[in-house]
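# Coordinate inspection notes
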Amino acid sequence: MNHSFYSYVQTFRGGEKHDEKATFAEAAFQDHGFPKQSTDFHMLSKYIEEKADDEMSARVFDELWYLYELKYN
């Protein structure tokens, strides 16, 4: 994959206030430690799990990863 997961997620920024994907995208944008260049599921999943942030939940990450793979695989 040529596009990072982060760049894909950022396409959801600015969405509805109650949109979990938009909330995740905004939280990733605000998180200066987010692995912005990564395309590796395991690295990103571990980061999300260790962060344990309500705004970047593992469930929403899994949904976004599924959509990311559909788009770029």
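For the structure, see preceding data.
Residues numbered from 1 in each chain as written. Predicted model: local features only at pLDDT ≥ 70, side-chain atom pairs only at ≥ 80, totals over all residues. Heavy atoms only, no water.

Judged by nonpolar contacts, the single largest core of 17 residues is most densely connected at F5, F24, F34, M56 and F61. Among the secondary structure elements, those contributing two or more residues to this core are α1 (5-9), α2 (20-30), α3 (41-51) and α4 (58-72). Of the residues forming this core, the biggest block, five residues, is contributed by α4. Discounting chain neighbours no more than four positions away, the residues touching F34 are F5, Y6, A28, L44, Y47, I48 and M56. (Core = buried A, V, L, I, M, F, W, Y, C linked by side-chain atoms within 4.5 Å. Buried < 20%, exposed > 50% of the residue type's maximum accessible area, 1.4 Å probe, protein only. Helix = DSSP H or I, 4+ residues; strand = E, 2+ residues; numbered from the N terminus. Contact = heavy atoms within 4.5 Å.)

What follows concerns the pattern of salt bridges. With the rule as written, the count across this model stands at six salt bridges. E63 is the partner of R59 in a salt bridge, and the nearest nitrogen-oxygen pair spans 2.8 Å. Pair noted here: R59 and E63 are both in helix α4, with a separation of four residues, about one helical turn. Salt bridges sharing partners connect three or more residues here, namely E20, K21, R59 and E63. (Salt bridge = Lys/Arg side-chain N within 4 Å of Asp/Glu carboxyl O.)

A word on the side chain of S38. Within the secondary structure, S38 is located in the loop between α2 and α3. In this structure S38 comes out as buried when scored by relative accessible area, which is 8%. In this structure the side chain of S38 is engaged in a polar contact, spanning 3.1 Å, whose partner is the backbone nitrogen of D40. Once you skip the residues sitting within four places of it in the chain, S38 turns out to touch S4, F5, M43 and L44. (Polar contact = N/O pair within 3.5 Å; in protein donor to acceptor, adjacent residues only side chain to side chain.)

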